[in-house]
Amino acid sequence: MHPTQVSVIGLGKLGLCIAAVLALRGFKVIGVDIDKSKIDQVNSGRSPIVEHGLEELIRQNAKNLKATTNHYEAVKETQATFVIVPTPSESDGSFSLKFVIDALEKVGKAIADKDSYHLVVINSTVSPGSMENRIKPFLEEVTGKKCGTDFGLCYNPEFIALGDVIRGLLEPDFVLIGESDPLAGSILADMYRHICTNNPPIERTSFINAEIAKIAINSYITMKITFANLLAEICENTIGADVDEVTRIIGRDSRIGSKYLKGG
């Protein structure tokens with residue numbers, strides 16, 4: 001049985017969309033953010049973020065969605081928590097966990113005071129090794145509880161484009177779950193079977209495989225866009241060449257595909 005009450009920490013471009021989609025699909029959702037103005041707008045049925053269809057979702061599903069600045073109460077009143085906070089790049093190219101750790105300290109204190117099992121889901125992009133070596137031990141320390149027994153932990157990065165987030169959440173190509181243990185992965189997979197409308201494949205794996213897969217997909221798409229722009233430059237400097245025609249042709253090859261293969 002999947003959780004029916006969910007808290008979402010971080011109401012940014014992705015977090016607020018996830019909260020609204022969960023509310024649409026019947027979950028009771030408490031959104032949490034440190035920005036009081038965002039909280040007030042969400043609670044009055046308005047969206048502080050420009051995203052196609054988002055404000056309508058918030059307004060139509062107000063009975064299932066409320067927002068607060070109180071992390072502790074939000075976690076205490078729910079069975080699962082999604083953490084979607086910024087992970088800016090460090091000077092060495094890794095992702096900073098500062099905001100994740102700040103959020104998890106508050107989440108962990110609430111879990112410490114709960115008697116029931118709680119699922120924590122990290123959606124923010126993190127560097128390989130972060131889940132096992134930093135996030136899991138930190139949560140065990142703050143809660144005083146054992147991951148895999150007293151609480152579950154999953155890494156669940158999203159693969160969606162801004163401007164198409166709502167559809168991307170409801171109809172993803174696939175769902176990626178890095179799990180601390182089979183129970184945690186099963187609970188989150190059951191949630192996604194209820195959330196998604198297209199019955200997508202659900203890939204369940206270890207933390208490290210999920211962390212590397214997320215970065216690999218982002219890198220590959222960037223490489224594909226860069227390649228298309230290189231073709232555009234070649235075509236611009238070649239009499240009679242048309243990059244749109246060239247990319248359309250090479251996109252016919254199933255090994256390449258046409259998505260993100262456009263000269264910009």
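The model shown is predicted, which means the values in this text are computed figures rather than measured ones.

Some details on unusual backbone geometry
Right, on to step 1. Even without a glycine there, the phi angle at Asn 199 is positive, about 50 degrees.
Right, on to step 2. The residue Asn 199 is located in the loop between helix H8 (182–195) and strand E8 (202–205) in this model.
Right, on to step 3. What makes Asn 199 exposed here is its relative accessible area of 67%.
Right, on to step 4. In the Ramachandran plot, Tyr 260 falls in the positive-phi region, its phi being about 60 degrees despite a non-glycine side chain.
Right, on to step 5. Position of Tyr 260 among the secondary structure elements: in the segment after helix H10 (243–250).
Right, on to step 6. The class for Tyr 260 is partly exposed, based on a relative accessible area of 44%.

With respect to the sheet that holds strand E6 (residues 151–155)
Right, on to step 1. Spatially, E3-E2-E1-E4-E5-E6-E7-E8 is the arrangement adopted by the eight strands of the open sheet, whose pairing is mixed. At either end of the open sheet lies a strand with only one pairing partner, and these are strand E3 (65–68) and E8. Neighbour-to-neighbour, the strand axes of this sheet turn through a mean angle of 25 degrees, independent of strand direction.
Right, on to step 2. Relative to E6, strand E5 (residues 118–122) runs parallel, the two being bridged by five bridges. Among the inter-strand pairings, Val 120 is bridged to a residue of E6, identified as Leu 153.
Right, on to step 3. Most of the contacts of helix H2 (residues 36–43) go to E3, to which it runs at about 160 degrees, and overall it touches strand E2 (28–32) and E3.

Concerning the pairing of strand E4 (residues 80–83)
Right, on to step 1. By the alternation rule, side chains of E4 split into Ala 80 and Phe 82 and Thr 81 and Val 83, which are all buried.
Right, on to step 2. Judged from the four bridges that link them, strand E1 (residues 5–9) and E4 form a sheet pairing that is parallel. The partner of Val 6 across the bridge, within E4, is Ala 80.
Right, on to step 3. Bridge count between E4 and E5: four bridges; the pairing is parallel. Opposite Thr 81, over in E5, you have Val 120 as the bridge partner.
Right, on to step 4. Following the chain from E4 across helix H5 (residues 98–112) to the adjacent parallel E5, one finds a crossover that is right-handed.

Brief notes about the packing of aromatic side chains
Right, on to step 1. Within the structure shown, the criterion is met by one aromatic pair.
Right, on to step 2. Between Phe 159 and Phe 174, the ring centres sit 5.1 Å apart and the planes meet at 25 degrees, which makes this aromatic pair stacked. Of this pair, Phe 159 sits in the loop between E6 and helix H7 (165–170) while Phe 174 sits in the loop between H7 and strand E7 (175–179), placing them 15 residues apart in sequence.
Right, on to step 3. On the accessibility criterion, Phe 159 (28% relative accessible area) is partly exposed.
Right, on to step 4. Residue classification places Phe 174 among the partly exposed residues on the basis of a relative accessible area of 26%.

The rules behind the values
- Residues numbered from 1 in each chain as written.
- Predicted model: local features only at pLDDT ≥ 70, side-chain atom pairs only at ≥ 80, totals over all residues.
- Heavy atoms only, no water.
- Helix = DSSP H or I, 4+ residues; strand = E, 2+ residues; numbered from the N terminus.
- Buried < 20%, exposed > 50% of the residue type's maximum accessible area, 1.4 Å probe, protein only.
- Pairing = 2+ DSSP bridges.
- Axes fitted to C-alpha atoms, helices over the stretch in contact; angles between N-to-C directions.
- Contact = heavy atoms within 4.5 Å.
- Right-handed = clockwise from strand over helix to strand, strands pointing away.
- Phe/Tyr/Trp six-rings, centres within 6.5 Å; stacked < 30°, edge-to-face > 60°.

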